[in-house]
Amino acid sequence: MSYKKLLSLKGYNTFSIDAKSLYSFFCYKEDELIDFLKSSIVKKKQYYILGGGSNVLFTKDYEGVIIFMQNKGIEILEKEGNDVFIKASAGENWDDFVKFCTDNDFGGVENLSLIPGNVGATPVQNIGAYGVELKDVFWELEALNRQTLKKEIFKNEDCKFSYRESVFKKELKDKYIILNVTFKLSKLHNLKLDYGTIKNVLKTNSPTISEIRNAIIEIRESKLPTPEEFPNAGSFFKNPIVSKSFFEDLKIKFPNLVSYLAGENKIKLAAGQLIDLCNWKGKKENGVGVHEKQALVIVNYENANGNEILNFSKKIQKSVFDKFGVEIEREVTII
Ligand code: EPU
């Protein structure tokens, strides 16, 4: 069992923040994890599980243990008619997993191509893009109970998925460590091509799932900055959900607002558009800025620290609230 002391986390978070963790533990096997959690180092300290580091903002050094799940493996469990059940370890890179599925013609995750991060983090915030959410393909997951150190299974309904939410962000926050996730994919493809510009980018009316993956990659690369070039954590905010009556009043003043139905009497607005209409797109202050093509993305242009980014994000929240009366919630976790 090996751990490191005072490791810089700069290379382990996509905002490229140079915070340090008191201890860091790289877990390659599940058994090592249990031994480590029983060890005296962990017993006295708080700990945090870091996946791909693509959804966190460090505002200070972490005074506990950062656990990096690095366990790998993709296993086809069962093929039943057209259904395929595949188990992927938490430490697998998400997009490698998507590629494995499209290469094998297993459909369901192609619209979720190129989302950064690891498999284990995907159910926590029910990742979603281009008309598909993780919950649509999620079968079950296995997680370690941090209290009892016993493994437990969570089925789809146990996870209480909703837009960018799950039980692991709410009542079970910091209570479990996800070890692996099983997906239910299909050899019979149910293509989702209605979102945004997918159809325009595809050069055919009956695409393969690999062609859809390539189209999604093309769209994402044209709009979203890569963290290697422009450190960022994807959408910094969630799209806000408001009541239908609130939206109807708002529309009188702002008739061009983008909106999606989000359940009975609920409307989801596009936070990117609200921020854009407050003229933040392309604006920079002290090394932090709003991306010039997608206003939902905050970029760390010049080595800003976590607090500078957080303060910048609060100014955006305030101006959106002042103009529209809408609170936009952070999607990124602040540490
Ligand atoms: N818009 C603007 N200005 C902007 C950005 C967006 O006017 O600067 C408008 C667009 O024209 C469009 C609408 O807002 O009409 C929605 O924009 P887009 O399709 O780009 O999607 P989004 O709602 O901004 C969400 C996800 C993204 C995901 C895309 C595609 C959230 C918080 N974000 O963004 O997820 O890739 O849909 O499905 O739900 C992420 O979570 O990190 C992420 C990138």
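Rules used throughout
Residues numbered from 1 in each chain as written. Predicted model: local features only at pLDDT ≥ 70, side-chain atom pairs only at ≥ 80, totals over all residues. Heavy atoms only, no water. Near = heavy atom within 4 Å. Polar contact = N/O pair within 3.5 Å; in protein donor to acceptor, adjacent residues only side chain to side chain. Areas by Shrake-Rupley, 256 points an atom, 1.4 Å probe, with all protein chains shown as cover. Helix = DSSP H or I, 4+ residues; strand = E, 2+ residues; numbered from the N terminus. Phe/Tyr/Trp six-rings, centres within 6.5 Å; stacked < 30°, edge-to-face > 60°. Buried < 20%, exposed > 50% of the residue type's maximum accessible area, 1.4 Å probe, protein only. Lys NZ or Arg CZ within 6 Å of the ring centre and 35° of its normal. Contact = heavy atoms within 4.5 Å. Pairing = 2+ DSSP bridges. Axes fitted to C-alpha atoms, helices over the stretch in contact; angles between N-to-C directions. Arc of directions from axis to C-beta. Domains from an automatic or database assignment. Buried area = accessible area lost by both parts, 1.4 Å probe.

**A word on the site of the ligand**
Argument step 1. The immediate surroundings of the ligand are formed by 23 residues, with Tyr130, Tyr163, Arg164, Ser235 and Asp276 found nearest.
Argument step 2. For the ligand, an oxygen atom lies 2.6 Å from a polar atom in the side chain of arginine 164.
Argument step 3. In this structure, glutamate 331 approaches the ligand through a side-chain N or O atom, which is 3.4 Å from an oxygen atom.
Argument step 4. Notes on the ligand: free accessible area 820 Å², of which the protein chains cover 82%.
Argument step 5. Counting residues per element, the ones that place at least two in the shell around the ligand are α5 (209-223), β13 (232-235) and α7 (271-277).

**What about the packing of aromatic side chains?**
Argument step 1. Going through the model one piece at a time under the given rule, you end up with 21 aromatic pairs.
Argument step 2. Ring geometry for phenylalanine 236 and phenylalanine 237: centres 5.1 Å apart, planes at 65°, overall edge-to-face. Pair check on accessibility: phenylalanine 236 and phenylalanine 237 agree, each one buried.
Argument step 3. Clustering of aromatic rings is evident, with ring pairs tying together Tyr3, Tyr23, Phe25 and Phe36.
Argument step 4. Positioned above the aromatic ring of tyrosine 163 is the side chain of lysine 268, whose terminal nitrogen or guanidinium carbon lies 3.8 Å from the ring centre.
Argument step 5. Cation over ring: lysine 283 sits above tryptophan 280, and NZ or CZ is 5.3 Å from the ring centre.

**With respect to the side chain of glutamate 165**
Argument step 1. When you line up the elements, glutamate 165 lands in the loop between β11 (151-155) and β12 (176-186).
Argument step 2. Those residues in contact with glutamate 165 that sit more than four places away from it in its chain are Val124, Gln125, Asn126, Lys160, Lys170 and Lys238.

**Focus: the sheet that holds strand β16 (residues 266-269)**
Argument step 1. Read from one edge to the other, the open sheet built from three strands follows the order β14-β16-β15, with strand pairing classed as antiparallel. Of all the strands in the sheet, the pair left with one neighbour each is β14 (241-243) and β15 (259-261). Across the sheet, the mean angle from the axis of one strand to that of its neighbour is 40°, orientation sign disregarded.

**Details of helix α1 (residues 30-38)**
Argument step 1. By the burial criterion, the buried members of α1 are Leu33, Ile34, Phe36 and Leu37. All buried residues of α1 lie within an arc of 165° about the axis, which places them on one face of the element.

**Comments concerning the domain arrangement of the protein**
Argument step 1. Structurally, the protein comprises domain 1 (3-69), domain 2 (74-222) and domain 3 (225-334).
Argument step 2. Computed from C-alpha atoms alone, the centre-to-centre distance between domain 1 and domain 2 is 24 Å.
Argument step 3. In this complex, domain 1 contributes 12 residues to the contact, which on the side of domain 2 involves 13 residues.
Argument step 4. Counting the surface lost from both domain 1 and domain 2, the interface buries some 1200 Å², and carbon and sulfur atoms represent 62% of this.
Argument step 5. Considering only the side of domain 1, the residues that lose the most area to domain 2 are Glu30, Tyr47 and Met69, jointly responsible for 41% of the buried surface there.

**With respect to the sheet that holds strand β1 (residues 3-8)**
Argument step 1. Spatial ordering of the open sheet is given by β1-β2-β5-β3, a layout of four strands whose pairing is mixed. Among the strands making up the open sheet, the edge pair consists of β1 and β3 (47-50). The sheet shows a mean angle of 35° between the axes of neighbouring strands, taken without regard to direction.
Argument step 2. In terms of strand pairing, β1 meets strand β2 (residues 20-27) through five bridges, oriented antiparallel. Looking at the pairing, tyrosine 3 lines up with phenylalanine 25 of β2.
Argument step 3. Here α1 sits on the sheet in contact with β1, β2, β3 and β5 (62-69), set at roughly 145° to β2.

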